[in-house]
Amino acid sequence: MRINKKLLGGTLILLLTFNIFNIFNFLYQFGMARLLTIVEYGILSSLYSILYIIAIFTESIQIVVTKYSSSEEENGRLKNLFKRSLRKAFKSSFFFFALYLIIALPLSPLLKIPYSLMAFNGLMIFAFFLLPVSRGIMQGSKMFKSLGISMIIESLIKLVLAVSFVLLGWKIYGALLGPILGASIAFLLSFPMLKKILKAKEKKAETAQIYSYTAPVFFTIFAVLVFFSLDIIIAKIVFSPETAGQYAIASVISKIIFMGTQPISKAMFPLSAESKKDENFDDKSKSSENIFKNAFTALSLALVACLLILYFFPDLLVKIFAGRIISESSGILFLLGLSASLLSLTNLVLLHKLSLGKTRSYLLLPVFLVIEAFLLFYFSKSLFQFSMALVTASATFLWGSLLLLKE
């Protein structure tokens, strides 16, 4: 296996900037866990789980725009792709916000969350549709530094404003308003970062197959992000508010593994997609395989390091995060970390397949969500049993992804 310098360089930039982004996000969760009660934090975590599901659209849009911008070298065509994608995203955001408000009506009593909070949470939909367009252009054009800076700006503003608003007494509303404003400001600041592209003379971009490519991307991201979020939502349904809060604390800490290792897959995707367009397919196919092996090795090493920390220091991590030792949370932390690690590997495999257009049988991926939901509802007598069920579901998802998408 040869070391891919582009992947290494892009990964290092994204690892640095993304993990600064993740540190600010961790500090946000850290602040909310300490400033809110366990019950309030459980509600906030449930609302965030809903946002992670809505983020299906964010990741799908960003991956599609990344895929097509990685094949465009002229700024004029990138400008056209940016403008067309932005118009469609703007229109779609209004439709999905209205749909969200309708769905929130029965969901509010089920999750024991006031409807006003559910509706306020939905304002993030606008950022979720618009922001990935600019970030997809950055990622596809290998503007990794700008992409990372954009995310740092978002998370820093989110942290500062959310903590300020909660201290002012706005509680969960303040905790939600910070992220809404952070994402909105980051979107506006992305325009000067794309100055060279936006100043270019516009030329029509070739996007003939964009809609046929969107379907497998959407279903793949849908499967990954719903799987990532479903456990906290189900925990909120099957456990008492106190127990659901204890689970949420462990879950949020463990999911830092998934979020923290994403730069590796994000750096891999445009490089692997770019290799697909070369005329010398055999050589480039090998290059793509080498890129994947590099990414898989880097990800595996990072996951092992994270799991060792969770295994040896669970009480310390929970105490740092929540301000007190919660034995129920620390007792399941390693299991949830193992689940997050398996999901990280699954995400890498699926993104690699998407970058090469190898998406056969993608419609079967949501089956693993049904398996996850069944296992979590059935094995919910204790937090330990619930966590073991999640590990089993994660391992099944990884195995199934390798099997179903094998060409």
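Cut-offs and rules
- Just so you know, the residues in each chain are numbered from 1, in the order the chain's sequence is written.
- Per-residue local features are limited, in this predicted model, to residues with pLDDT of at least 70; the limit for side-chain atom pairs, both in listing and counting, is 80 or more; totals at the level of whole chains, interfaces and linings are taken over all residues.
- The side-chain values count all of the structure's non-hydrogen atoms but skip hydrogen atoms and water molecules.
- Counting from the N terminus, the helices are the DSSP runs of H or I reaching at least four residues and the strands are the DSSP runs of E reaching at least two.
- Buried means the residue's accessible area, taken with a 1.4 Å probe over protein chains only, is under 20% of the maximum for its type, while exposed means over 50%, and partly exposed covers the values in between.
- Residue contacts follow a heavy-atom distance rule, with two residues in contact if any of their heavy atoms lie within 4.5 Å.
- With residues, only the protein chains shown are counted as cover, and all accessible areas are computed by Shrake-Rupley using a 1.4 Å probe.
- Here the axes come from fitting lines to C-alpha atoms, over the contacting stretch only for helices, and the angles between their N-to-C directions go from 0 to 180 degrees.
- Angles are sorted into four bins: roughly parallel if under 35 degrees, roughly antiparallel if over 145, roughly perpendicular if 65 to 115, and oblique for all others.
- Left-handed describes a crossing whose near helix is turned anticlockwise from the far helix through less than a right angle; right-handed describes the clockwise counterpart.
- Polar contact criterion, stated in full: a pair of N or O atoms within 3.5 Å, where within protein one must be able to donate a hydrogen and the other to accept it, and residues adjacent in sequence count only if both atoms are side-chain atoms.
- In this text, buried Ala, Val, Leu, Ile, Met, Phe, Trp, Tyr and Cys residues form a nonpolar core when linked through side-chain atoms within 4.5 Å.
- Throughout this description, the term salt bridge denotes a Lys or Arg side-chain nitrogen within 4 Å of a carboxyl oxygen of Asp or Glu.
- One less than the number of residues in a helix, times 1.5 Å, gives the span that helix is expected to have.
- Bend is the name given here to the angle between axes fitted to two runs of seven residues, the run ending at a residue and the run starting at it.
- By convention, a stacked pair of Phe, Tyr or Trp rings (six-membered ring in the case of Trp) has centres within 6.5 Å and planes under 30 degrees apart, an edge-to-face pair has planes over 60 apart, and any other such pair is tilted.
- For a ring to carry a charge above it, either NZ of a lysine or CZ of an arginine must fall within 6 Å of the ring centroid while also lying within 35 degrees of the normal to the ring plane.
- The pLDDT score gives, residue by residue, the confidence of the prediction method on a 0 to 100 scale.
- Polarity classes work like this: nonpolar for Ala, Val, Leu, Ile, Met, Phe, Trp, Tyr, Cys and Pro, charged for Asp, Glu, Lys and Arg, and polar for all others, with Gly in that last group.

## Let's talk about the overall build of the protein
Secondary structure summary: the protein contains 17 helices and zero strands in total. Across the 407 residues in the protein, those meeting the buried criterion constitute 57%. For the protein, restricting intrachain contacts to residue pairs at least 6 apart in sequence, the fraction spanning at least 24 positions comes to 84%. When the accessible surface of the protein is split by element, carbon and sulfur atoms take 69% of a total near 17,500 Å².

## Overview of the packing of helix H9 (residues 241-254) against helix H15 (residues 333-356)
For the pair H9 and H15, interaxial distance at closest approach is 8 Å and the crossing angle is 45°. Here H15 runs oblique to H9, going by the angle between their axes. Crossing handedness for the pair H9 and H15: right-handed. Between H9 and H15, the residues in contact are Tyr247, Ala250, Ser251, Ile253 and Ser254 and Leu333, Leu336, Gly337 and Ala340, respectively.

## Overview of the side chain of Ser394
The topology assignment puts Ser394 in helix H17 (residues 383-404). One polar contact links Ser394 to Ser339, side chain to side chain, over a distance of 2.6 Å. Setting aside its immediate chain neighbours within four residues, Ser394 contacts Phe227, Ser339 and Leu342.

## Topic: the nonpolar core
Residues Met32, Leu44, Tyr247 and Phe397 are the most contacted members of the largest nonpolar core, which totals 122 residues. Top contributing element to this core by residue count: helix H2 (residues 38-69), with 15 residues. Leave out the neighbours within four places in its chain, and Leu44 touches Tyr28, Met32, Leu36, Ile172, Ala175 and Leu176.

## Considering the pattern of salt bridges
Summed over all chains, the structure comprises two salt bridges. Across the pair Glu154 and Arg135 runs a salt bridge whose closest N-O atoms are separated by 2.9 Å. You can see Glu154 sitting in helix H6 (residues 144-193) and its partner Arg135 sitting in helix H5 (residues 124-140), a full 19 residues away along the chain. By the burial criterion, Glu154 is buried, and Arg135 matches it. The salt bridge involving Lys255 is made with Asp231; its shortest N-O contact spans 2.7 Å. In this pair, Lys255 sits in the loop between H9 and helix H10 (256-260) while Asp231 sits in helix H8 (residues 210-238), placing the two residues 24 residues apart along the sequence. Residue class for Asp231 comes out buried when judged on its relative accessible area of 1%.

## What about H2?
Between its terminal C-alpha atoms H2 stretches 44 Å, which fits the 46 Å expected from 32 residues at 1.5 Å a residue. Remark: the principal bend of H2, roughly 35°, maps to Ile54.

## Some remarks on H15
With 24 residues, H15 extends 35 Å from end C-alpha to end C-alpha; this agrees with the ideal 34 Å at 1.5 Å per step. Where burial is concerned, most of H15 is hidden: 22 out of the 24 residues are buried.

## Concerning the packing of aromatic side chains
Counted under the stated rule, the structure contains 25 aromatic pairs. The rings of Phe26, Phe30, Tyr41 and Phe321 are connected pair by pair, giving a single aromatic cluster. The ring of Phe228 is capped by Lys255, whose NZ or CZ atom sits 4.9 Å from the centre of that ring.

## Focus on the environment of Val304
Within the secondary structure, Val304 sits in helix H12 (residues 281-312). Sequence separation between Val304 and Ser341 is 37 residues; the distance between their C-alpha atoms is 8.6 Å.

## Some details on the confidence of the model for the protein
Across the protein, the average pLDDT comes to 84, with 88% of residues at 70 or higher. Here residues 277-285 is modelled with pLDDT under 50, and outside its nearest four sequence neighbours on either side it reaches six contacts, counting other chains as well.

## Some remarks on unusual backbone geometry
The phi torsion at Lys112 lies on the positive side, around 60°, for a residue other than glycine. Mapped onto the elements, Lys112 comes out in the loop between helix H3 (75-111) and helix H4 (115-121). In the Ramachandran plot, Lys171 falls in the positive-phi region, its phi being about 50° despite a non-glycine side chain. Mapping Lys171 onto the fold places it in helix H6. Lys171 sits in the partly exposed class, given a relative accessible area of 37%.

## Quick word on the packing of H2 against H9
Direction vectors running N to C along H2 and H9 enclose 60°, while the axes themselves pass 8 Å from each other. Overall, the two elements H2 and H9 adopt an arrangement that is oblique. In the crossing of H2 with H9, the sense of the turn from one axis to the other is left-handed. Contact residues: H2 offers Ile38, Val39, Tyr41, Gly42 and Ser45, while H9 offers Pro241, Glu242, Gly245, Gln246, Ala248, Ile249 and Val252. Residues belonging to the contact of H2 with H9 are distributed by class as follows: seven nonpolar, four polar and one charged.

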